[in-house]
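Topology and contacts: notes
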Amino acid sequence: MSENHGPLHVQTPLRASDEPYDPQTLADLVRDAELIVARYPQKRSALLPLLHLIQSVDGYVTGRGVTFCAEQLDLTEAEVSGVATFYTQYKRHPNGEYTVGVCTNTLCAVMGGDLIWDTVSEHLGIGHDETTEDGKVTLERVECNAACDYAPVVMANWEFFDNQTPESTVRLVEDLRAGKDVTPTRGATSVCSFKQMSRVLAGFSDGRADEGVGAGPASLEGLRIASGEQTYTRTAPAPAPEASKEQQS
Ligand code: FES
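What comes next concerns the included structure. (Residues numbered from 1 in each chain as written. Predicted model: local features only at pLDDT ≥ 70, side-chain atom pairs only at ≥ 80, totals over all residues.)

**Side note on the overall build of the protein chain**
Heads up, the rule is: A run of DSSP states H or I qualifies as a helix once it reaches four residues; a run of E qualifies as a strand once it reaches two. Both are numbered from the N-terminal end. Residue burial here comes from a neighbour count, namely the number of other C-beta atoms, placed from the backbone, that lie within 10 Å of the residue's own C-beta, with 20 or more meaning buried, 12 or fewer meaning exposed, and in between meaning partly exposed. By the convention adopted here, residues are in contact when the distance between their C-beta atoms, placed from the backbone, does not exceed 7 Å.
Secondary structure assignment for the protein chain yields nine helices and five strands. Starting at the N terminus and walking to the C terminus, you meet the elements of the protein chain as α-α-α-α-β-α-β-β-β-β-α-α-α-α. Here the protein chain holds 249 residues, and the buried ones make up 33% of them. Residue pairs at least 24 apart in sequence account for 65% of intrachain contacts in the protein chain once pairs closer than 6 positions are excluded.

Given below as structure tokens:
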């Protein structure tokens, strides 16, 4: 195990920021915030996408971003901070250009996710929610990505890299750091930056949602069985030798 494992959730306080947005950035933020708020019957419901919008500009939830959200939504800064510090997708310190999430939930862990985590953490010299010195990769342990049929799974800015190994994951992070093109296993054909991804999560489509194959053959197997296209055959495991002897006596 790497000695560089940080705490599971780094408790960086959200500080007020003395640095205001420049006029153009502020005007763009206000315009985008109005579009987001208009989608909801109540202003306050727009807080989650608005926090992603802040991350798309600042790279994390800054103090000035908290102030901006509070002003736009008629909330207190404490209310905004309470939400921003609850969800792990909101970053409390500058995030790398790529968030690389290694699933270490039960199935991925036993299929190799724990080994992937240890290897890539050791390789990069960083732990959970820490970023490489070049600012390229933030490493995260992530919970189930609903891709258990392709365990162990690694995500890069929420794009799928299925059936990974320690070697393939080290190659992935090194390619990302070197600025090489990487191709996810399913879905979009490339990986965008953390800021670009945050803008999509704020509700502004980049037109790539329908790129590539969403569900692979393993994900669709149950559907094919349910529709009668495929027959389900249960194969009982062979009894252990001792059990067979007991059964015979
Ligand atoms: S346990 Fe890893 S994707 Fe479900």
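Resuming the write-up.
**Regarding the packing of helix α1 (residues 23-37) against helix α2 (residues 47-58)**
Each pair of packed helices can be summarised by the angle the axes make with each other and by the distance between the axes. Just so we agree on the cut-off: To define axes, lines are fitted to C-alpha atoms, for helices over the stretch in contact only, and angles between the resulting N-to-C directions are given on a 0 to 180 degree scale. Roughly parallel means an angle under 35 degrees; roughly antiparallel means over 145; roughly perpendicular covers 65 to 115; every other angle is labelled oblique. When the near helix sits turned anticlockwise from the far one by under a right angle, the crossing is termed left-handed; a clockwise turn instead gives a right-handed crossing. By the convention adopted, Pro, Cys, Tyr, Trp, Phe, Met, Ile, Leu, Val and Ala count as nonpolar, Lys, Arg, Asp and Glu as charged, and the other residues, Gly among them, as polar.
Where α1 contacts α2, the two axes come as close as 10 Å, and the packing angle between them is 155 degrees. Comparing the axis directions of α1 and α2 gives the class roughly antiparallel. Here α1 and α2 pass one another in a crossing that is right-handed. Every residue of α2 that contacts α1 at Thr25, Leu29, Asp32, Ala33 and Ile36 is listed here: Pro49, Leu50, Leu53 and Val57. Broken down by class, the residue content of the contact of α1 with α2 amounts to seven nonpolar, one polar and one charged.

**So, unusual backbone geometry**
Excluding glycine, residues mostly carry a negative phi; peptide bonds, for their part, are mostly trans. Across the junction of Ala151 and Pro152, the peptide omega takes the value 0 degrees, indicating a cis bond. Along the chain, Pro152 turns up in the loop between β3 (137-142) and β4 (154-156). The phi torsion at Asp74 lies on the positive side, around 55 degrees, for a residue other than glycine. By the secondary structure assignment, Asp74 is in the loop between α3 (63-73) and α4 (77-84). If you check the backbone angles, Asn163 has positive phi at about 45 degrees while not being a glycine. Relative to the helices and strands, Asn163 is located in the loop between β5 (159-161) and α6 (166-177). In this structure Asn163 comes out as partly exposed when scored by C-beta crowding, with 18 C-beta atoms within 10 Å.

**Observations regarding the sheet that holds strand β1 (residues 98-103)**
What counts is decided by this rule: The rule for pairing is simple: two strands pair if DSSP sees at least two bridges between them.
Sheet architecture is open: five strands sit in the order β2-β3-β1-β4-β5, paired in mixed fashion. Every other strand in the sheet has two partners, leaving β2 (130-131) and β5 as the edge strands with one partner each. Running over the sheet, helix α5 (residues 106-124) touches β1, β3 and β4 and is turned about 140 degrees from β1. With respect to the sheet, α6 is in contact with β1, β3, β4 and β5, its orientation differing from that of β4 by roughly 5 degrees.

**Topic: the packing of α5 against α6**
Where α5 contacts α6, the axes come no closer than 9 Å and their chain directions differ by 40 degrees. Considering their axes alone, α5 and α6 lie oblique with respect to each other. Like other packed secondary-structure pairs, α5 and α6 cross with a definite hand, here right-handed. Within the contact between the two elements, α5 uses Leu115, Ile116, Thr119, Val120, His123 and Leu124 and α6 uses Pro166, Thr169, Val170 and Val173. A class-by-class count of the residues in the contact of α5 with α6 yields seven nonpolar, three polar and no charged.

**Considering the environment of Leu51**
Examined against the element boundaries, Leu51 turns out to sit in helix α2. Classification of Leu51 as buried rests on a count of 24 C-beta atoms within 10 Å. Each C-alpha atom, one on Leu51 and one on Ala84, is 7.3 Å from the other, the two residues being 33 residues apart in sequence. Dropping the residues within four chain positions of it, Leu51 is found in contact with Val61, Cys69, Ala84 and Tyr90.

**Some points on the environment of Gly63**
In this structure, Gly63 sits in helix α3. Taking C-alpha positions, Gly63 is 8.9 Å from Ser81, a pair spaced 18 residues apart along the chain.

**What about the pairing of β1?**
Across the six residues that make up β1, a large majority, six, are buried. What you see with β1 is no split at all: Tyr98, Val100 and Val102 on one side and Thr99, Gly101 and Cys103 on the other are buried throughout. Strand direction decides the pairing type here: β1 and β3, joined by six bridges, are parallel. Bridge pairing links Tyr98 to Val137 in β3.

Read these as layout, nothing more, since geometry by itself doesn't imply function.
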